[in-house]
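Fold and geometry: a report
What follows is the residue order along each chain.
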Amino acid sequence: MAYKIIRKKVLNPQIFLMEINAPLVAKKAEPGQFIILRIDEYGERVPFTVADFDREKGTVTIIVQIVGKTTKDLSALEEGEEILDFAGPLGMPTELEGLKKVAVIGGGLGTAIAYPQAKKLHSMGAEVDVITGFRDKSLIILEDELKAVSDRLIITTDDGSNGVKGFVTDRLKELLDAGEKYDAVIAIGPLVMMRAVCNLTKGYNVKTIVSMNPVMIDGTGMCGGCRVIVGGETKFACVDGPDFDGHQIDWEAALNRQKMFKAQEKTACESGHCRIGRTNNA
Amino acid sequence: MPNMSLKKNPMPEQRPDERNKNFLEVTTGYTEETAIDEAKRCLNCKHKPCMQGCPVSVKIPEFIAKIAEGDFEGAYQKIKETNALPAVCGRVCPQETQCESKCVRGIKGESVGIGRLERFAADWHMSHVKDEITVPEKNGKKVAVVGSGPAGLTAAGDLAKRGYDVTVYEAFHVAGGVLMYGIPEFRLPKNIVQNEIDNLKKLGVKIETDVIIGKTIMVDELVEDMGFDAVFLGTGAGLPSFMGLSGESLNGVYSANEFLTRINLMKGYKFPEYDTPVVVGKNVAVFGGGNVAMDAARCAKRMGAENVYIIYRRGREELPARAEEVMHAEEEGVIFKLLTNPTRLLGDDEGWLKEIEVIDMELGEPDESGRRRPVPKAGSEHILPMDTVIVAIGQTPNPLIKKTTKGLDTNRKGCIIADEKGKTSRDGIYAGGDAVTGAATVILAMGAGKTAAEAIDEYLNN
């Protein structure tokens, strides 16, 4: 069985959205969960967070940033084409029950992953402040979508090109200093950003949930490649997470593990299996 | 007149210094002449001791007699009566502790090469006979099989032959379970497994890949919403154990599951033709002494590692791996550091593994398993430079099904509790294989799948 791409939308030069026909996954998906896909016979199994889902249509949306071989090859696929494997939903849904006031922080692509959480919280009647950060104005994504599901939306850029200069942590600090009391902060983005948010919120004693996205193969607890050290214990992001208490994460170990296949990723991009015209370079 | 040679006909195989550089099958199999010669070593004992050593009671003297007569297809059909996967079992069964351990010829000299003959018959069939499969008449009842490893495939085949409408659910993108992701190509070529799966499909078995039972579909939904009359859980023991040593999350440290899955299932040995990479350094240590450890070590050698060590805390006699795997690993240049145990893993500032610290062990009093307990020798710690570590100390069942299925009892180790027929604490739900026993062998899982299929048949007819 293959999985058809129903809709594709380029969000910025590096990020695109794909809505994929996967009725069984759509039926069960919840915010915080992820899927694993494999483009074709030669493909790697790569996890992507569920960005949205439509149970009636039977579709699941993922938002992808072009960072390596699989994401680049995926970006070359168009509406109507198919992906060979698409399995999920995997991982535990984010625990949103009982949260009344939440700050949702998204960094870059993390914004896409934070969107379903904000949407669900909003629908549950919680007060939602969203802060998202991008390198510059041209990279801003999901502005309208987030506006619709938040009480306050703050978009900040590293270079100030959208009129608000600084990091997400600067904006969050302003809100916390102004006396905003959050039941939880949900931070999703690059590891360094999530670490910075956690370092900040620790001082204010605000519970902070982060979403880890390490390399994995099966997504069901089998390979152990996705191990994360949380509170001194080894956890598997695929089954114990991907959400964890950000104040308990060993960030240094997590940052190091990200480098495990870096050199090979470069090789794959330069001389790997070429999907354009479905020929094989290697 | 039986062939009274004290030795088995040797198995033709690739030269060790050649095969440790490729992933082609190590052993190439008996020729027809050799098979007949070996078959003639069987004395056709009246009390058939060999059969008692076989978990699925293959009619061993009968199939061997057919080979001796030159009726190779007849031999295959004889095996097939009780064993769904002869080509697999002939290659991966631990014959030396099963059928061959009971062989009368083994008392004085070597036992008959039962495994080699089983493989010969299966391979001969595959290359000479096109399977003509007739789809059995359906009895109108539906059974779901969860997991497509040896237990699930056997249960599915047996149930389909009895007329059940069988659907197999597999979490990965291909069926086969450990036969696909765990056991390497050079020991069990994947086309053999695929052939068995294709035959199941011809029998009418439906195989749904990319479906994780306990996530995509719950066990209760199978029964309540999807109309399955019974469920067989053959979910294996897929959760890797780590040792809890400091440094286990350093880069360069794999679970055997991850390492082998990258290589076997994802074809990482063909990177970058295939997208999935495997990083293997110059010095590789594999922790553990079972078949999985041997597979990992031999894969590492083939991936270009210069020095590959098996680090095992007990002695040679205690190695749980098949004798043939240990021998092959040694021939291929794997270095055995026995009575040695790792104590910690040391990395550089960037988080990459650089060294391991190990300690010498000695054997003390026997423990509950009857094996002598290894005890560390105080002060014998020493450092070995190491780039890659593969932890192969065992697997436990995945908790996913247990967590999402109410009323399904499991034991302290997370294994599903089932009686000798595979019946669990939930009516209509059966289980077998590693999911019940913890990590064991292919043939035991197949035996459990077979027994459970019989029990399900009985249950659905009452």
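Residues numbered from 1 in each chain as written. Chains lettered and ligands numbered in written order. Predicted model: local features only at pLDDT ≥ 70, side-chain atom pairs only at ≥ 80, totals over all residues. Heavy atoms only, no water.

What follows is about the sheet that holds strand 7 (residues 283-287) of chain B. Residues and elements named next belong to chain B. Taking strand neighbours across the sheet as the criterion, the 5 strands line up as 6-14-7-8-9 in an open arrangement whose pairing is parallel. Edge positions in the sheet fall to strand 6 (253-255) and strand 9 (335-337), since each of these pairs with one other strand and no more. Put simply, the sheet's adjacent strands are angled 20° from each other on average, direction ignored. Relative to strand 8 (residues 307-311), strand 7 is paired through 5 bridges, and the arrangement is parallel. The residue of strand 8 that forms the bridge with A285 is Y309. The sheet contacts of helix 12 (residues 256-265) involve strand 6 and strand 14 (388-391), and relative to strand 6 the element is tilted by about 85°. Packed on one face of the sheet, helix 13 (residues 291-302) meets strand 7, strand 8, strand 9 and strand 14 and runs near 170° to strand 8. (Pairing = 2+ DSSP bridges. Helix = DSSP H or I, 4+ residues; strand = E, 2+ residues; numbered from the N terminus. Axes fitted to C-alpha atoms, helices over the stretch in contact; angles between N-to-C directions. Contact = heavy atoms within 4.5 Å.)

Residues and elements named next belong to chain B. Following the sequence through the fold, P397 ends up in the loop between strand 15 (395-396) and helix 15 (400-404). Accessibility expressed as a relative area gives 7% for P397, which makes it buried. Here the alpha-carbon distance between P397 and D367, two residues 30 residues apart in the chain, equals 24 Å. (Buried < 20%, exposed > 50% of the residue type's maximum accessible area, 1.4 Å probe, protein only.)

The next thing to look at is unusual backbone geometry. Backbone phi values are negative for most residues with the exception of glycine, while trans is the configuration of most peptide bonds. For the peptide bond that leads from G88(A) to P89(A), omega is -5°, which places it in the cis range. Along the polypeptide, P89(A) turns up in strand 7 (residues 85-90). Look at K48(B): it is not a glycine, yet its phi comes out positive at around 45°. Mapping K48(B) onto the fold places it in the loop between helix 2 (32-39) and helix 3 (49-52). In this structure, K267(B) takes a positive phi of about 60° despite not being glycine.

Nothing here speaks to function; it is all geometry.
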